[in-house]
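# Structure at a glance
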Amino acid sequence: MTSDASSGSTPEVDDGAIGIATYMFEQGVLKRMRRAGWWHVGVRDPESVAEHSFRVAQLASLIAAEEGADPARAALMAIFHDSQETRTGDIPHTAKPYIPSSGDNESITRDQVSRMPEAAAKTVQEAVSEYESQSSLEARCAKDADKLECLIQAVEYAKAGYQGVEGWITSSRDALRTDTAKRIADAALTTSHTWPGATESDH
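This section reports on the structure supplied with the text. (Residues numbered from 1 in each chain as written. Predicted model: local features only at pLDDT ≥ 70, side-chain atom pairs only at ≥ 80, totals over all residues. Heavy atoms only, no water.)

Once that is clear, we can look at the overall build of the chain. Scanning the chain from N- to C-terminus turns up nine helices and zero strands. Counted from the first residue to the last, the chain has its helices and strands arranged as α-α-α-α-α-α-α-α-α. Looking at the chain residue by residue over its 203 residues, the buried ones come to 39%. Within the chain, counting contacts between residues at least 6 apart in sequence, those at least 24 apart form 65% of the total. Put simply, the chain shows about 11500 Å² of open surface, and 53% of that area lies on carbon and sulfur atoms. (Helix = DSSP H or I, 4+ residues; strand = E, 2+ residues; numbered from the N terminus. Buried < 20%, exposed > 50% of the residue type's maximum accessible area, 1.4 Å probe, protein only. Contact = heavy atoms within 4.5 Å. Areas by Shrake-Rupley, 256 points an atom, 1.4 Å probe, with all protein chains shown as cover.)

What follows is the structure, given as structure tokens:
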């Protein structure tokens, strides 16, 4: 803790605030943690888990809006859907059959938020539990967003010249459940992958 410049004393910080700050420092690891599966197709510096989660949250909100669900709730679940990877790392699907599970995402989350105040901890735990159980339309929209983001990222890597991403595209497309996500996926696979403000020098 830093000293209070005006009084020369050290301000008191409550344990709950410390718990939230500690959790946020831990979540900062996701900004530096790479999505390891892309190394299999030669991507030397793939996107981070945090970058992935950001676009998942955006997609979740848009899918939910189109599906008649709560966009904010879907985005909240998407933000925390990979938050446990600060403890487990980003494990590629090819490795998962060989690594004994050390706990499910709900139990990991429970441990991560154990020092946070009740309301904050409950917010994270309930978002993760709802996502894991897929018990609501918002959760299904968030799950579709996770798969769809992977598909879009694979398309971007293919455009950048990386080979062998077809498996990611196919498996992600096959996993989608909402009509909106399926339509976005089909659009992503058939458009020119440019945005309105792009110029030739951007490509």
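Turning our eyes to something else, we now look at the nonpolar core. Counting residues in each nonpolar core, the largest one holds 33 residues, and the members touching the most others are Trp38, Leu148, Leu151 and Val165. If you tally residues by element for this core, the top one is helix H7 (residues 137-159), at eleven residues. Non-local contacts of leucine 151, meaning those with residues more than four positions away in its chain, are made with Ile169, Ser172, Arg173, Ala185, Ala188 and Leu189. Counting residues in hydrophobic clusters, the runner-up holds seven residues, among them Met116, Ala121, Val124 and Val128. (Core = buried A, V, L, I, M, F, W, Y, C linked by side-chain atoms within 4.5 Å.)

Next up on the list: the side chain of serine 83. Following the sequence through the fold, serine 83 ends up in the loop between helix H3 (71-80) and helix H4 (85-88). A distance of 2.8 Å separates the side chain of serine 83 from the backbone oxygen of phenylalanine 80, its partner in a polar contact. Apart from residues no more than four positions distant in its own chain, serine 83 is found in contact with Tyr23, Gln27, Leu30, Gln112 and Val128. (Polar contact = N/O pair within 3.5 Å; in protein donor to acceptor, adjacent residues only side chain to side chain.)

A word on the layout of surface pockets. Taken as a whole, the second largest pocket holds about 200 Å³ of empty space. Among the elements of the structure, helix H1 (15-27), helix H2 (49-67) and H3 are those that each provide at least two residues to the lining of the second largest pocket. Split by residue class, the lining of the second largest pocket holds five nonpolar, three polar and one charged. (1 Å grid on protein atoms, 1.4 Å probe; cavity = no way out; pocket = protein on both sides within 12 Å on 5 of 7 lines; lining within 4 Å. Points joined across faces, edges and corners; volume = space filled by probe spheres on them. Nonpolar A, V, L, I, M, F, W, Y, C, P; charged D, E, K, R; others polar.)

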